Number of protein chains: 2
Amino acid sequence: MQVEIITIGDEILIGQIVDTNAAWMSAELNKVGFEVVQITSVHDDEKQITESLQQALTRADVVLFTGGIGPTNDDITKLTLSKYFQANLVFDEAVFANIENLLHHRRRAMNELTRSQAMVPDKATIIQNPLGTAPITWFDENDKVVVSMPGVPYEMKRAMTEEIIPKLQKRFQSQTVIHKSILVTGYPESALALKIADWEKMLPDRIRLAYLPQYNIVRLRLSVVGTDKSLLEKAINHQVDLLEEILGKAIIAKEDIPIEQLIAQYLILKNKTVATAESCTGGHIAHLITSVPGSSAYYKGTVVAYSNDVKVKLLQVDGEIIRKHGAVSQEVVEEMAKGVLRSMNTDYAIATSGIAGPDGGSIDKPVGTTWISVVTKDTCVTKKFHFSYDRKLNIERATQTALLMLLKLLR
Amino acid sequence: MQVEIITIGDEILIGQIVDTNAAWMSAELNKVGFEVVQITSVHDDEKQITESLQQALTRADVVLFTGGIGPTNDDITKLTLSKYFQANLVFDEAVFANIENLLHHRRRAMNELTRSQAMVPDKATIIQNPLGTAPITWFDENDKVVVSMPGVPYEMKRAMTEEIIPKLQKRFQSQTVIHKSILVTGYPESALALKIADWEKMLPDRIRLAYLPQYNIVRLRLSVVGTDKSLLEKAINHQVDLLEEILGKAIIAKEDIPIEQLIAQYLILKNKTVATAESCTGGHIAHLITSVPGSSAYYKGTVVAYSNDVKVKLLQVDGEIIRKHGAVSQEVVEEMAKGVLRSMNTDYAIATSGIAGPDGGSIDKPVGTTWISVVTKDTCVTKKFHFSYDRKLNIERATQTALLMLLKLLR
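These numbers come from a predicted model, not from an experiment.

Residues and elements named next belong to chain A. Judged by pairing direction, the sheet is antiparallel, and its four strands sit side by side in the order β10-β11-β9-β12 without closing on themselves. Edge positions in the sheet fall to β10 (208–213) and β12 (251–253), since each of these pairs with one other strand and no more. Averaged over all neighbouring strand pairs, the angle between strand axes comes to 30 degrees, with direction disregarded. Packed onto the sheet, helix α10 (residues 229–247) meets β9 (176–185), β11 (217–226) and β12 and runs at close to 10 degrees relative to β9.

See below:
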């Protein structure tokens, strides 16, 4: 069963927002074995919406729309789909009651625009949206399903998880898709491809391989589609075993999880704690670590020391060492790591100090120069890096590198 | 002149990565007056790539491809486009020299896969890519331009900024597009729409209005297309003036910038400093503040105090107060803010303490309960919020709310 996603909104096409909905929806649909064949983003424009729907219906069994169903005049998806399906708009009591309830809860008054959200196309099945005023409409004509849902991410996610995916599973016989991701570190993409070239040549035709290089890590994704789930899993697992024989410890994970979650698994397993002391990464390491549910079990906190005063006062770095070597130096980053290890009383500590840019660079220490240190009571691993000229990239790379250094020490 | 963007890669359609390239490209193209009419994402599949190209060429003058040109076998864009344009692959000396240079710099050896990147279609103009091994190919046939570029974001960005956009500007006469964004706080979307309904009705036909609601803020975007730039700007500015008469202080900005940049502007203008003490937001406030270039001028740092020990030791919160009121309380969050204001010696301080979830909630303090405090030496504004049941959303909302509270105090 094949699905297409159409996201509607001028804001996507002028680049004001990134379309994160389509990626999330694709991941969820894939999990249950529905293949997404195309994602299309179009303007809030009747002709474009209609044409993209017509083309999608030539390729897919299901078309999922998000966005363009707010209460304001620029949103025209409801009217466009009603016209396409020759439906009339009728007042829906249940939708109206939901709107009333929402407004009451938010202590807001009903107005003509919110009231108009209760007008729904009479040819569609209406699915309630308890999180917002726009209902979900489900058209089922000529053996094809067309669904229109809100673009607000948490409203869309609830609708997909609790209503649309279960209904699609009932409506269509779905094949099983199995994806297996292998995270490999230590190889650039092409070197990895050569290292596993013989293995790749021997892969059965039905198993697809994709390379997804990220900074410091290459993700290998094996995919297979079929009906016998256990057979498919065995086939994939066999290939993973073969890969492991070739790559050994270079494989850091056999599932697609971010590095902060891998670290969480090791810290919980070993019953250890960690703290961070950040300068150039500005709290980004802390943010990633604390994005993992339950991180309070092993993470004590961070000191982001953007000023030297703070490095001295809260991280107990000797002011003399900063004066002598500069804040971006091996000596200071090690003092920062040891300082936070002591003051937060943890088993591991990470520290970063670098020049994120765009200003602050010099000939000796150009923008991108970054020191990272990972320490325990007995060990201290410190490295110097030259990242890029872009502030955002420098922060991201320093963060990923620091987490990878911690992971290596934990394994 | 109309553009379509086609992003290629299985990883987008199975939801493994979010397509941020298309949004960035759209924003850049819009700035110079090129309209993006559609964004399409397809698999690394010859038939799909060819069909999407054919359809795009019926609507647009320019089609920009990203992705699918890596050295590995799953990437087939180069072959597909060569076939479409009936081009032969030929060896390109300049591309090969660039690959050699890159590999030398990265201390890596040439291999057959990287070498194959120097084979290019003979009907295309080849644009060098100094940041990666895949060159950019530019086809110009039947009055339409088709460009294929890498999917690696920083390679794509350089190619777009320095090569493709300037070449497109030369090749096509472009119209001017002016967008103006107004950020409004204090109104839900529909209430705002009613408040400005009369103004909206009087808008000239050529000026388009869009509502983009975010948490706590509604973005209004006015757009106009034409040739006389100064006339268009005058028309837009007049409408903004009228809006300002209606909305007054509810307008927090007349450009589309994130709140952390607005705060930066006020802090620099007033020559003031800020520090943060974060519990539930886990460093996310620090991360946003330090993502702004030059933030070290006004930001001293944060203490992320995930454990109570750290709250006591590094933020000087009285342990007795934590025992009596719990870490998620007005008393503790105010102590945290005052503690970091003192220890980092700043003019302003923000503190957060809440239950991000999914665990840790109780009947009295369910998941989402969050206290936020913003203090100066003389003032202290503290508020309690009930956000959602989702950890990521709670962290984001608490962060946005805290920054908005600081902004209000700064204005």
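Structure shown, so let's carry the discussion forward.
Quick look at the relation of the copies chain A and chain B now. Superposition of the two copies of the chain requires a rotation about an axis and a shift along the axis. For the pair chain A and chain B, the relating rotation is 180 degrees, the translation along its axis is 0.0 Å, and the fit reaches an RMSD of 0.0 Å. Taken together, the rotation angle and the small translation identify this as a two-fold axis. The residues that chain A uses at the interface reappear at the interface of chain B in 100% of cases, marking a shared surface.

The interface is formed by 88 residues belonging to chain A together with 88 residues belonging to chain B. Together chain A and chain B conceal approximately 7000 Å² of surface at their shared face, both sides included; 56% is due to carbon and sulfur atoms. Counting the surface chain A buries against chain B, the share from its top three residues, A:Ile14, A:Gln16 and A:Tyr306, is 9%. Linking chain A to chain B there are six salt bridges. A salt bridge links A:Asp10 to B:Arg208, with the nearest nitrogen and oxygen atoms 3.2 Å apart. Taken together, the links from chain A to chain B amount to 36 residue pairs in polar contact (both at pLDDT 80 or more). A total of eight residues in the side of chain A that touches chain B trace back to one element, the largest contributor, which is strand β2 (residues 35–42) of chain A. Looking at the side of chain A that touches chain B, its residues break down into 36 nonpolar, 31 polar and 21 charged.

Our focus in this paragraph is the pairing of strand β13 (residues 274–278) of chain B. Residue and element names in this part refer to chain B. Across the five residues of β13, five count as buried, placing the element largely inside the fold. The alternating pattern of β13 places Val-274, Thr-276 and Glu-278 on one face and Ala-275 and Ala-277 on the opposite face, and all of these are buried. Pairing of β13 with strand β14 (residues 299–305), which is carried by five bridges, proceeds in the parallel orientation. If you follow Ala-275 over to β14, its bridge partner there is Gly-301. Regarding topology, helix α12 (residues 284–290) serves as the crossover connection from β13 to the parallel β14, and that connection is right-handed.

The tally for this structure, following the rule as stated, stands at 32 salt bridges over all chains. B:Arg221 is the salt-bridge partner of A:Asp10, the closest N and O atoms lying 4.0 Å from each other. One end of the pair, A:Asp10, is in helix α1 (residues 10–13); the other, B:Arg221, is in strand β11 (residues 217–226), on a second chain. Taken individually, A:Asp10 and B:Arg221 each receive the classification buried, so the pair is uniform in this respect. Each member of the salt-bridge network shares a partner with another, and the members are A:Asp10, B:Arg208 and B:Arg221.

All right, on to the state of the cysteines then. Residues and elements named next belong to chain A. For the coordinates displayed, the defined rule picks out zero disulfides over all chains. Free cysteine: Cys-280, not disulfide-bonded; nearest cysteine sulfur from Cys-380 at 16 Å. Under the relative-accessibility criterion, Cys-280 is labelled buried at 7%.

Rules used throughout
- Residues numbered from 1 in each chain as written.
- Chains lettered and ligands numbered in written order.
- Predicted model: local features only at pLDDT ≥ 70, side-chain atom pairs only at ≥ 80, totals over all residues.
- Heavy atoms only, no water.
- Pairing = 2+ DSSP bridges.
- Helix = DSSP H or I, 4+ residues; strand = E, 2+ residues; numbered from the N terminus.
- Axes fitted to C-alpha atoms, helices over the stretch in contact; angles between N-to-C directions.
- Contact = heavy atoms within 4.5 Å.
- Least-squares fit on C-alpha atoms with pLDDT ≥ 70 in both.
- Buried area = accessible area lost by both parts, 1.4 Å probe.
- Salt bridge = Lys/Arg side-chain N within 4 Å of Asp/Glu carboxyl O.
- Polar contact = N/O pair within 3.5 Å; in protein donor to acceptor, adjacent residues only side chain to side chain.
- Nonpolar A, V, L, I, M, F, W, Y, C, P; charged D, E, K, R; others polar.
- Buried < 20%, exposed > 50% of the residue type's maximum accessible area, 1.4 Å probe, protein only.
- Right-handed = clockwise from strand over helix to strand, strands pointing away.
- Disulfide = S-S within 2.5 Å.

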